[in-house]
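Below, each chain spelled out in residue letters.
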Amino acid sequence: MVLLVLFIAIYGLIVSDNLIKKVMCLSIIESIIILSFLLTGFKEAAEAPIITEGIQVFVDPMPQALMLTAIVIGVCFNSLAVAFIVKLQKAKGTVNVSELRER
Amino acid sequence: MLVSFENVRYLLIAFPLIPLVTIILSVLINYISKKDISPVSLIVNNLLQLVVGLLLVARFIDYEGVHIESITQWQYSIIFVFDRIKVYFLIAFLLPLLFSLFHTKSLQKLESRLIFLFYLSGCSGLIVTGDIFNFYIFYEVMIMSAYILVAINGNYYASIKYMLFGAISSALLLAGIILLYASGAYFSFTFVQEIGELSLYNIKFVLLLFCTAFFIKGAFFPVSSWVATCHSATNNITSSFLSAFTIFTGIYGLYYFVLQPAMLLEYEQIFLVVKIFSMITMLLPALILYFEPEFKRCIAGSTVYSIGFIGLMMSYRLFDLAFTYMAIHACYKPLMFLLHDYVDIKGNAIRANKRTLAIYMVCILFTAGFFPSLIYFIKYNLLQDYAGLTILTQISMMLILSSFLKFRFKIIRFRASNVFYITILCIILLIYFLFPFRFVMPDYKFILDAGIILFAIFLSGKLYQKWHKLSALDTKFIFKTLNVEIFYVVILLVSQLVILRLVF
């Protein structure tokens, strides 16, 4: 399932002409990567990694801590990208890559 | 020694913190007294970072080991790592920092100066960091600031293009980090020590993902189209940093996270991949550059050729030679961008004063790698051992030289700061004095080089006028739309899978 969604997102990233859709596809790819990392720390019937008395089995806290940072970076990226796309729409009147020329 | 190892700890922590403290102070003083002190604080920050950086260079330039500093005693504490190779990257950061002291006026608003300080903090953190996850975080701090600095002049398309390529490479890097963690390794720069115990099959995929990510960050062909667009779209001070340091983080990552583990595993195919893509990166972007009609895009695009040359030397394991090239590149490339402030461009004519044009000529010789530039001596240090590369190198050099000579340079009267020119002269003399390799001068090749220069002049003259229809070859044909450019990432990934024999 993860691979299927990943391939759809990559396909969308390559084929889509709309910059907003490209950013959405990138966001999906990033979410899949983050989910995959969280899965590496998952254990069946384990507790949250807040270590108190009586808790013997807990999930690996490392991926969770690291992926929180990655999520924050992702949010920054998305907000910045969307802000620039809005500015580009105002300046050029389009967000379609086939209509936007560098020169 | 100027600094003892006990004090190195404070230098390593202070280096990325100085710009952050400067930001806080500038904002606080602006809020309290309504005075904008950021022009002064930016200069003070640059001076402080120069001092700390030079102390680190002095400490580590002849140090053979790997110095590891942990902030706390905790197992997962943030660690800083420094070794002799990082000195080269530090120099590549310090040189544009020194030149930028004379051009801080390019950053006109408080906001742009603060973003620039964030950028400097990201760069500094990237140099001293000791694990790959913090490398990723500092890289993002640096690159997010760079996106804003590119967009600040109104070049939103260039910034978005930069963002797309940056995000794709970061996604690949993150995927590699996950696979590495899932294979049982931690993210330290010294993870190569543990690598022998991991599953070789998994590690091959980790190296593949890292290699692709760093190829994009380092702008290896065919994922190099963004360089000319993005590096030329911003103010000259940012352009100089982007082309002297930021793009070389790809080389930095390639060395630490791909080639070092590959050497330990004796995984030769990775070197073959780097060699093949470096050769293409030397030749094709040089050809594209020949048809490039804009001067600033030419300066930006020529960095890709240098990346190819450095990659080639790395694929032959000549790391010191490669990183010396990078440090010298960090001297002349920022100058080419910063002197752009003193230049008047009308069509194909570049008009500037005598001193500026003289420095441009020296920088062009360095870029193409002709005598008496230091790149010439680096090139012959490589060609002495690997003569088979001669034709490829000479063709690329000729194309690079003719791509600059096609512009018509004219002298005009224009006043500029003498201190800046004196600093440039001192730095150029200093790097000649400190050059660590042999000054190889094979006699018969002088004639060959003279022939190449003459042919380059011929190429840049009437012949270029005839081929005018091919002008802007990259955006008209090779990288026609953004979708095609992104598709090249898939081609890069698949071709590596085939060369590394991980599929088929």
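Heads up: these notes are all about the structure in this document. Remember, predicted model here, so these are calculated numbers, not experimental data.

### Focus: the interface of chain B and chain A
Then comes step 1: Listed as interface residues are 41 residues of chain B and, on the opposing side, 34 residues of chain A.
Then comes step 2: Buried surface at the junction of chain B and chain A, summed over both partners, amounts to about 3,400 Å²; 79% is from carbon and sulfur atoms.
Then comes step 3: Run the count over chain B and chain A and you get four residue pairs in polar contact (both at pLDDT 80 or more).
Then comes step 4: Those elements giving two or more residues to the side of chain B that touches chain A turn out to be helix 5 (132-151), helix 6 (156-182), helix 19 (473-478) and helix 20 (482-499) of chain B.
Then comes step 5: Considering each element in turn, the side of chain B that touches chain A owes the most residues, 15 residues, to helix 6 of chain B.
Then comes step 6: Of the residues belonging to the side of chain B that touches chain A, the class tally is 29 nonpolar, four polar and eight charged.

### Focus: the nonpolar core
Then comes step 1: Counting 223 residues, the largest nonpolar core has Leu19(A), Phe93(B), Tyr119(B) and Met314(B) as its most contacted members.
Then comes step 2: Tallying contributions element by element places helix 6 of chain B first for this core, with 18 residues.
Then comes step 3: Once residues within four sequence positions are removed from consideration, Phe93(B) is found in contact with Phe15(B), Gln49(B), Leu120(B), Cys123(B), Ser124(B), Ile127(B), Phe241(B) and Phe245(B).

### A closer look at the packing of helix 6 of chain B against helix 7 (residues 200-217) of chain B
Describing two packed helices takes the angle between their axes plus the distance from one axis to the other.
Residue and element names in this part refer to chain B.
Then comes step 1: Contact geometry for helix 6 and helix 7: axes closest at 8 Å, N-to-C directions at 160 degrees. The orientation of helix 6 with respect to helix 7, classified from their angle, is roughly antiparallel. Two packed elements cross with a definite hand, and for helix 6 against helix 7 that hand is left-handed. Across the interface between the two elements, Phe-165, Gly-166, Ile-168, Ser-169, Ser-170, Leu-172, Leu-173, Ala-175, Gly-176, Ile-177, Leu-179 and Leu-180 of helix 6 pack against Asn-202, Ile-203, Phe-205, Val-206, Leu-209, Phe-210, Thr-212, Ala-213, Phe-214, Ile-216 and Lys-217 of helix 7.

What counts, and at which threshold
- Residues numbered from 1 in each chain as written.
- Chains lettered and ligands numbered in written order.
- Predicted model: local features only at pLDDT ≥ 70, side-chain atom pairs only at ≥ 80, totals over all residues.
- Heavy atoms only, no water.
- Contact = heavy atoms within 4.5 Å.
- Buried area = accessible area lost by both parts, 1.4 Å probe.
- Polar contact = N/O pair within 3.5 Å; in protein donor to acceptor, adjacent residues only side chain to side chain.
- Helix = DSSP H or I, 4+ residues; strand = E, 2+ residues; numbered from the N terminus.
- Nonpolar A, V, L, I, M, F, W, Y, C, P; charged D, E, K, R; others polar.
- Core = buried A, V, L, I, M, F, W, Y, C linked by side-chain atoms within 4.5 Å.
- Buried < 20%, exposed > 50% of the residue type's maximum accessible area, 1.4 Å probe, protein only.
- Axes fitted to C-alpha atoms, helices over the stretch in contact; angles between N-to-C directions.
- Parallel < 35°, antiparallel > 145°, perpendicular 65-115°, else oblique.
- Left-handed = near helix turned anticlockwise from the far one by under 90°.

Geometric descriptors of this kind do not, in isolation, establish any biological role.
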